[in-house]
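Structural overview
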Amino acid sequence: MSTAANSSGNVLKLNSRRVVAERTMVFGFDKPAGFVFKAGQYAEISWIDPIETDAEGDARAFSIASAPHEEHLVFTTRLRDTAFKRVLQKTPLGTLAKLEGPFGDLTLHNNVSRPAILLAGGIGITPFRSIVRHAVHEKLPHKLLLFYANRLPEDAPFLDELSAIERENANFIFVPTMTAVSRLQRAWTGETGHFSPEMLTRHLTKIATGGAHTATPIYYVAGPPAMVKGGRAMLNDAGIDDDDIRTEEFGGY
Ligand SMILES: Cc1cc2nc3c(=O)[nH]c(=O)nc-3n(C[C@H](O)[C@H](O)[C@H](O)COP(=O)(O)OP(=O)(O)OC[C@H]3O[C@@H](n4cnc5c(N)ncnc54)[C@H](O)[C@@H]3O)c2cc1C
């Protein structure tokens, strides 16, 4: 179910940007009056009259990384050497962009007895940050278990923020994992290696404690296409039916 009620387009001013991880920028706009979206949806952003352009064009799709109740619309991206992203880094705050959307249906299911297992590959964290912040703010009863794979801690936006949310919310379990173990430069006591059925099962037992949360989980996978394909294959190998898997591929990576 896509929601495109606001999709005619809003013109917004870029109002913030900061580097939050290696080659990774958070940027934001004031949320236009009446702009409504569901946590996990995305928008298309196009520069209006950018300082430069290239053959890839002036528009990109980005998941909304902030939650619906928040004042600003926040996005997060990996910085690469394309005109769109050079503009993002150099253009003055106040530069105008057109925002179309919201689009997409990577949104939390309604049945609170079914846990949500979220698998984020790198920048695929963006829709899940929105979902987690929304669930915590609304005190939703869903159990959320977020697995988050990055090469190194310094590549991982929102690592500390999500750890802090976990400490204060019994319904949220956060499992970051680092895949470039040989390059780790600081102490890391969390998981290492890629997602695996064994890793999932080990943490899933934390929420299989009986009571209201015994129903089968729904799985969500977001990130670059290769990661999403690998995540789905891993879940299928573990016996998870496609009906219980929802995905968002960040085409372009
Ligand atoms: C639903 C959705 C949500 C996304 N959310 C995020 C996000 O939160 N953060 C983030 O960093 N990136 C996100 N992306 C990817 C983002 O739109 C850019 O493609 C990505 O950031 C690469 O841009 P670039 O300028 O670095 O690279 P470029 O090399 O310029 O790649 C961008 C180019 O990839 C191609 N492309 C774009 N979309 C697709 C597609 N769906 N399938 C195949 N090719 C495509 C186009 O030619 C586009 O111009 C999302 C993509 C989608 C579809």
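Since the structure is predicted, the reported quantities are computational estimates derived from the model, not experimental observations.

1. Overview of unusual backbone geometry
Look at the link from Gly101 to Pro102: it is a cis peptide, with omega at 5°. Locating Pro102 in the fold gives a position in strand E6 (residues 96-103). One non-glycine residue, Arg23, lies in positive phi territory at about 50°. Following the sequence through the fold, Arg23 ends up in the loop between strand E1 (10-21) and strand E2 (24-30). The class of Arg23 is partly exposed, set by a relative accessible area of 40%.

2. Quick word on the domain arrangement of the chain
What the domain assignment reports for the chain is domain 1 (10-103) and domain 2 (116-249). Just the C-alpha atoms count here: the centres of domain 1 and domain 2 sit 25 Å apart. Considering only the side of domain 1, the residues that lose the most area to domain 2 are Ala65, His69 and Arg78, jointly responsible for 31% of the buried surface there. Across the domain 1-domain 2 interface, the total number found is one salt bridge. With its nearest N and O atoms 2.5 Å apart, the salt bridge here joins Arg133 to Glu70. Counting across the domain 1 and domain 2 interface gives seven residue pairs in polar contact (both at pLDDT 80 or more). Elements represented by at least two residues in the side of domain 1 that touches domain 2 include exactly E1, E2 and strand E5 (72-78). With four residues, the top contributor of residues to the side of domain 1 that touches domain 2 is E5. Grouping the constituent residues of the side of domain 1 that touches domain 2 by class yields eleven nonpolar, seven polar and four charged.

3. Details of the site of the ligand
Neighbouring the ligand are 20 residues; Ala61, Thr77, Thr82, Lys85 and Tyr253 lie closest to it. Between a nitrogen atom of the ligand and a main-chain N or O atom of Thr76, the distance comes to 2.9 Å. In the complex, the protein chains occlude 72% of the 900 Å² of accessible area that the ligand would expose alone. Mapped by element, the contributors of at least two residues to the shell around the ligand are strand E4 (59-63), E5 and strand E12 (245-249). The element best represented in the shell around the ligand is E4, accounting for four residues. Per-class residue counts for the shell around the ligand are six nonpolar, seven polar and seven charged. Mapped onto the domain boundaries, the shell around the ligand takes at least three residues apiece from domain 1 (10-103) and domain 2 (116-249).

4. Considering the side chain of Arg60
One can find Arg60 in strand E4. Of the buried charged residues, Arg60 lacks a salt bridge, with Asp54 as the closest side chain of opposite charge at 4.9 Å. Only 3.3 Å separates the side chain of Arg60 from the backbone oxygen of Glu56, close enough to count as a polar contact. From its side chain, Arg60 meets the backbone oxygen of Gly57 in a polar contact 3.4 Å long. With residues up to four places along the chain from it excluded, the contact list for Arg60 reads Ala43, Glu44, Ile45, Thr82 and Phe84.

Parameters at a glance
- Residues numbered from 1 in each chain as written.
- Predicted model: local features only at pLDDT ≥ 70, side-chain atom pairs only at ≥ 80, totals over all residues.
- Heavy atoms only, no water.
- Helix = DSSP H or I, 4+ residues; strand = E, 2+ residues; numbered from the N terminus.
- Buried < 20%, exposed > 50% of the residue type's maximum accessible area, 1.4 Å probe, protein only.
- Domains from an automatic or database assignment.
- Buried area = accessible area lost by both parts, 1.4 Å probe.
- Salt bridge = Lys/Arg side-chain N within 4 Å of Asp/Glu carboxyl O.
- Polar contact = N/O pair within 3.5 Å; in protein donor to acceptor, adjacent residues only side chain to side chain.
- Nonpolar A, V, L, I, M, F, W, Y, C, P; charged D, E, K, R; others polar.
- Near = heavy atom within 4 Å.
- Areas by Shrake-Rupley, 256 points an atom, 1.4 Å probe, with all protein chains shown as cover.
- Lys, Arg positive; Asp, Glu negative; His and termini not counted.
- Contact = heavy atoms within 4.5 Å.

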